[in-house]
Amino acid sequence: MRRVYSPSPRERLQSGNTEASELQKENGTKLSLDQFQILRTIGTGSYARVRLGLHLSTNELVVIKMIKKSFAATEKHLRHVKNERQILQQLRCPFVVKLLGTFQDATYLYMVLEFVQGGELYRALKLERFFTVDKTRFFAAEITSTFSHLHTRSIIYRDLKPENILFTAEGHIKLVDFGFAKHLKDGEFAYTMCGTPDYLAPEMIRQTGHEFSLDWWTLGILIFELQTGKTPFYHDNPYAMYDKILQENVQFAEDFDGESKDLIEKLLIKDYRERIKLNDIKRHGFFKNINWRHVEKLTLPPVYIPCITSKIDSSNFGRYEEEKQNELLVPEDVPDLFPEF
């Protein structure tokens, strides 16, 4: 049997965003690629590769998100990359991954992030197939507190899904990937269609403008998926799925938990103006036994403890084929679009 790694009291303190990492404590140090030993890939996307890295002077294991400049140089994607960097620099929330620094070379933009060892909620869901109401309630409570923190700071997230929720060693959640996050003023609307098709809200599909209540729609989709293993409007054809999102109501099994059903229905109201709001979400019967102060202080007992054997254990992340070499994707004479990196 694998021994489960138990963090020391000092490591537990460092699990929140209010505690600086050793790398962050190196005042005034300009990061560069030669300061890291680049290790294996733990995630990939169409424009970015996420790898583990060892910071050589502090011996700290970190995550390095490598974003191709050739992709980020387009106007829309440039905006998303800059938004993500700016927002993560501002946030100090225990449920949001810490940004430790950024740098660049001729090919990539690099974002150095804390290593959240427990792996994705998506992986845990696939292993268990679906979660109990109690487990779902814990995850939903921490996401609710996360959204409360973001919305108070005028940030809409727009990309909730199990793949973007990671576990700390203690079993608390961390939200990652803020590429679609955006600052919104009160009364302001956003119009970009973004996110995962299964999680899109009706107002985003119609492109009539969306605001903070869109995040609550995605929470309703997540609660349903965690308890059933599938999203409520799923269809193989994305356009047929969009029609279901716009036209159909959620279908529940006869034995589906009543409080869960009621909250999901209130979160998935198609008219965003009628959708349930934060205070009513917290007071809802689904959360009747939740102490919200305990949630915010990370003292609510976790319901899922990932198996971790050491501080360098990365077994909770999948294996990916490694790139053979980095190709120069941006010529040297191209104007620097990323001076802040």
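About the cut-offs
- Residues numbered from 1 in each chain as written.
- Predicted model: local features only at pLDDT ≥ 70, side-chain atom pairs only at ≥ 80, totals over all residues.
- Heavy atoms only, no water.
- Helix = DSSP H or I, 4+ residues; strand = E, 2+ residues; numbered from the N terminus.
- Buried < 20%, exposed > 50% of the residue type's maximum accessible area, 1.4 Å probe, protein only.
- Contact = heavy atoms within 4.5 Å.
- Areas by Shrake-Rupley, 256 points an atom, 1.4 Å probe, with all protein chains shown as cover.
- Axes fitted to C-alpha atoms, helices over the stretch in contact; angles between N-to-C directions.
- Parallel < 35°, antiparallel > 145°, perpendicular 65-115°, else oblique.
- Left-handed = near helix turned anticlockwise from the far one by under 90°.
- Nonpolar A, V, L, I, M, F, W, Y, C, P; charged D, E, K, R; others polar.
- Core = buried A, V, L, I, M, F, W, Y, C linked by side-chain atoms within 4.5 Å.
- Phe/Tyr/Trp six-rings, centres within 6.5 Å; stacked < 30°, edge-to-face > 60°.
- Lys NZ or Arg CZ within 6 Å of the ring centre and 35° of its normal.
- Pairing = 2+ DSSP bridges.
- pLDDT = per-residue confidence, 0-100.

Looking at the overall build of the protein
What the protein contains, in helices and strands, is 11 helices and 9 strands. For the protein, buried positions account for 52% of its 341 residues. Of the contacts formed within the protein by residues at least 6 apart in sequence, a portion of 68% connects residues at least 24 apart. Total accessible area computed for the protein in this model is approximately 16600 Å², and 49% of it derives from carbon and sulfur atoms.

Quick look at the packing of helix 5 (residues 133–152) against helix 7 (residues 213–228)
In the contact formed by helix 5 and helix 7, the axes pass within 10 Å of each other and the chain directions differ by 165°. Taken together, the axis directions place helix 5 and helix 7 in an arrangement best described as roughly antiparallel. Between helix 5 and helix 7 lies a crossing whose hand is right-handed. Taken together, the residues of helix 7 that come into contact with helix 5 (itself represented by Val 133, Thr 136, Phe 139, Ala 140, Ile 143, Thr 144, Phe 147, Ser 148 and His 151) are Asp 215, Trp 216, Thr 218, Leu 219, Leu 222, Ile 223, Leu 226 and Gln 227. The residue inventory of the contact of helix 5 with helix 7, partitioned by class, reads 10 nonpolar, 6 polar and 1 charged.

Comments concerning the nonpolar core
Of all hydrophobic cores here, the largest spans 88 residues; its most connected members are Phe 139, Ile 143, Leu 175, Phe 178 and Phe 287. For this core, the element with the highest residue contribution is helix 7, accounting for 9 residues.

A word on the packing of aromatic side chains
This structure, assessed with the given rule, holds 19 aromatic pairs. Between the aromatic rings of Phe 167 and Tyr 304, the centroid separation amounts to 4.6 Å while the plane-to-plane angle is 35°, which identifies the pairing as tilted. Of this pair, Phe 167 sits in strand 7 (residues 165–167) while Tyr 304 is found in the segment after helix 11 (292–296), placing the two residues 137 residues apart along the sequence. Here Phe 167 and Tyr 304 have matching classes, each one buried. Aromatic side chains Tyr 239 and Tyr 242 sit 6.0 Å apart centroid to centroid with 85° between the ring planes, which places their arrangement in the edge-to-face category. You can see Tyr 239 and its partner Tyr 242 sitting in helix 8 (residues 238–247), 3 residues apart, about one turn around the helix. On the basis of relative accessibility, which here comes to 63%, the residue Tyr 239 falls in the exposed class. Ring pairing ties together the aromatic residues Phe 131, Phe 138, Phe 139, Phe 167 and Tyr 304, which thus form one cluster. The ring of Phe 341 has Arg 85 sitting right over it, with the charged end atom 5.2 Å from the ring centre.

What to know about the sheet that holds strand 3 (residues 60–68)
Sheet strands associate in pairs through backbone hydrogen bonding, adopting either a parallel or an antiparallel arrangement. With antiparallel pairing, 5 strands are arranged side by side in an open sheet as 1-2-3-5-4. The sheet terminates laterally at strand 1 (36–44) and strand 4 (99–104), the two strands that pair on one side only. Averaged over neighbouring strand pairs, the angle between their axes works out to 25° when direction is ignored. Sheet topology note: the strand 4/strand 5 (residues 108–114) ladder contains 5 bridges and is antiparallel. In the sheet register, Gln 104 faces strand 5, and the bridge partner there is Leu 109.

Some words on the pairing of strand 1
By the bridge criterion, 6 bridges tie strand 1 to strand 2 (residues 48–55) in an arrangement that is antiparallel. For Gln 37, the partnering residue across the bridge sits in strand 2 and is Leu 54. The hairpin formed by strand 1 and strand 2 contains 3 residues between the paired strands.

Re the packing of helix 7 against helix 9 (residues 258–267)
A pair of packed helices is captured by two measures, namely the crossing angle of their axes and the spacing between those axes. Axis separation between helix 7 and helix 9 bottoms out at 8 Å; the angle between their running directions is 145°. In this structure, helix 7 crosses over helix 9, and the sense of that crossing is left-handed. Of the residues in helix 9, those in contact with Trp 216, Trp 217, Leu 219, Gly 220, Ile 223, Phe 224 and Gln 227 of helix 7 are Ser 260, Leu 263, Ile 264 and Leu 267. Taken together, the residues of the contact of helix 7 with helix 9 break down into 8 nonpolar, 3 polar and no charged.

A word on the confidence of the model for the protein
Overall, the prediction assigns the protein a mean pLDDT of 89, with 88% of residues at 70 or greater. Predicted confidence for residues 1–18 stays below pLDDT 50, and this span has 44 contacts to residues more than four positions away or in other chains.

Some thoughts on unusual backbone geometry
Phi is mostly negative for residues that are not glycine, and the peptide bonds are mostly trans. The phi angle at Asn 59 is positive, at roughly 60°, despite the residue not being glycine. In this structure, Asn 59 sits in the loop between strand 2 and strand 3. Judged by its relative accessible area of 58%, Asn 59 is exposed. Positive phi, close to 65°, is recorded for Ser 154, a residue that is not glycine. Secondary-structure assignment places Ser 154 in the loop between helix 5 and strand 6 (155–156). Judged by relative accessible area, Ser 154 falls into the partly exposed class, the value being 26%.

Quick word on the environment of Leu 160
In this structure, Leu 160 sits in the loop between strand 6 and strand 7. Classification of Leu 160 by relative accessible area gives buried; the value is 1%. With residues near it in sequence (within four places) discarded, Leu 160 still touches Ile 143, Phe 147, Ile 165, Leu 175, Tyr 199, Thr 218, Leu 219 and Leu 222.

As for the environment of Ser 148
In this fold, Ser 148 is placed in helix 5. Here the alpha-carbon distance between Ser 148 and Leu 278, two residues 130 residues apart in the chain, equals 7.2 Å. In this view, Ser 148 contacts Trp 216, Leu 278 and Lys 282; residues no more than four positions away in its chain are not counted.

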